[in-house]
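Overview (structure and organization)
Listed below are the residues making up each chain.
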Amino acid sequence: MIASRRHPVVHLELHTGDRAGASAFYADLLRWRTERVDAGCASYHALALGGAFGGGIVQCSAPRPVWLPYVEVDRVDAVTDRAGRLGARVLLEPREGPAGWRSVVSSPEGGEIAFWQPKAGRGGWGAA
């Protein structure tokens, strides 16, 4: 059974084919600072969005830029399974990273959302 607590959005990522252009645009428009993070694979820049809420810009071959919210959950595997039973398509099966587990699903209408489960003692968002 999935807990009935509210699940906060803890991270926001922009997936784009033009990371440099997006970084410059949001820095000029909103004064969001970016910092390169060694993600071991794709080009990733962390965004300082203000307060404890963080984000990032991911260089990828997305057909169009898309913002992906990460929602903190108690059990990423259970929520991903439940989303599938409710008609979602699983785009990224639950996977472990240094700070926690994540998955990505697309709702029946096509909206994408990521689920995030931090490792014990880590709390909040961390590099996945």
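As a starting point, this report considers the structure included with it. Values in this document were obtained by computation on a predicted structure and should not be read as measured data.

A word on the packing of aromatic side chains. Tallied over the full model, the rule gives four aromatic pairs. Pairing Tyr-26 with Trp-32 gives two aromatic rings, centres 5.5 Å apart and planes at 20°, and the pair type is stacked. Taking relative accessible area as the criterion, Tyr-26 reaches 16% and is therefore assigned buried. Consider the rings of Trp-32 and Trp-67, whose centres lie 6.3 Å apart with planes at 90°: the pair is edge-to-face. Linking Trp-32 in the loop between α1 (19–30) and β2 (33–37) with Trp-67 in strand β5 (residues 66–72), this pair joins segments that are 35 residues apart in sequence.

Summarising burial for strand β8 (residues 112–118): five of the seven residues are buried, a large majority. In this structure, β5 lies alongside β8, joined through three bridges in parallel fashion. Its bridge partner being in β8, Val-71 is matched across the sheet by Phe-115. When strand β7 (residues 100–106) meets β8, the two strands line up antiparallel, connected through seven bridges. In the strand pairing of β8, Arg-102 is matched with Trp-116. In this structure, the hairpin formed by β7 and β8 is closed by a connection of five residues, where Gly-110 is found at a positive phi of approximately 105°.

For the rest of this paragraph, the subject is the sheet that holds strand β6 (residues 89–96). In space, the eight strands of this open sheet follow the order β2-β3-β4-β1-β5-β8-β7-β6, with mixed pairing throughout. A single partner strand is all that each edge strand has here, and the edge strands are β2 and β6. Between one strand axis and the next, the sheet turns through 25° on average, direction left out of account. Alignment of β6 against β7, held across five bridges, turns out to be antiparallel. Residue pairing in the sheet places Leu-92 in a bridge with Val-104 of β7. Along the sheet, helix α2 (residues 76–85) makes contact with β6, β7 and β8, crossing β7 at roughly 10°.

What follows is about the side chain of Arg-102. Here Arg-102 shows up in strand β7. Of the side chains with opposite charge, Glu-13 lies nearest to the buried Arg-102, which makes no salt bridge, at 5.2 Å. At a separation of 3.3 Å, a polar atom in the side chain of Arg-102 contacts the side chain of Tyr-70.

Let's shift gears to the pattern of salt bridges. Overall, the coordinates contain two salt bridges when judged by the stated rule. Asp-77 is the salt-bridge partner of Arg-75, the closest N and O atoms lying 3.1 Å from each other. Assessed through its relative accessible area of 45%, Arg-75 is described here as partly exposed. Residue class for Asp-77 comes out partly exposed when judged on its relative accessible area of 33%. A salt bridge links Glu-96 to Lys-119, with the shortest nitrogen-to-oxygen separation between them at 2.8 Å. Taken together, the residues span a long stretch of sequence, with Glu-96 in strand β6 and Lys-119 in the segment after β8 at a distance of 23 residues. For Glu-96, a relative accessible area of 52% translates into the label exposed. Judged by relative accessible area, Lys-119 falls into the partly exposed class, the value being 21%.

The rules behind each value
Residues numbered from 1 in each chain as written. Predicted model: local features only at pLDDT ≥ 70, side-chain atom pairs only at ≥ 80, totals over all residues. Heavy atoms only, no water. Phe/Tyr/Trp six-rings, centres within 6.5 Å; stacked < 30°, edge-to-face > 60°. Buried < 20%, exposed > 50% of the residue type's maximum accessible area, 1.4 Å probe, protein only. Helix = DSSP H or I, 4+ residues; strand = E, 2+ residues; numbered from the N terminus. Pairing = 2+ DSSP bridges. Axes fitted to C-alpha atoms, helices over the stretch in contact; angles between N-to-C directions. Contact = heavy atoms within 4.5 Å. Lys, Arg positive; Asp, Glu negative; His and termini not counted. Salt bridge = Lys/Arg side-chain N within 4 Å of Asp/Glu carboxyl O. Polar contact = N/O pair within 3.5 Å; in protein donor to acceptor, adjacent residues only side chain to side chain.

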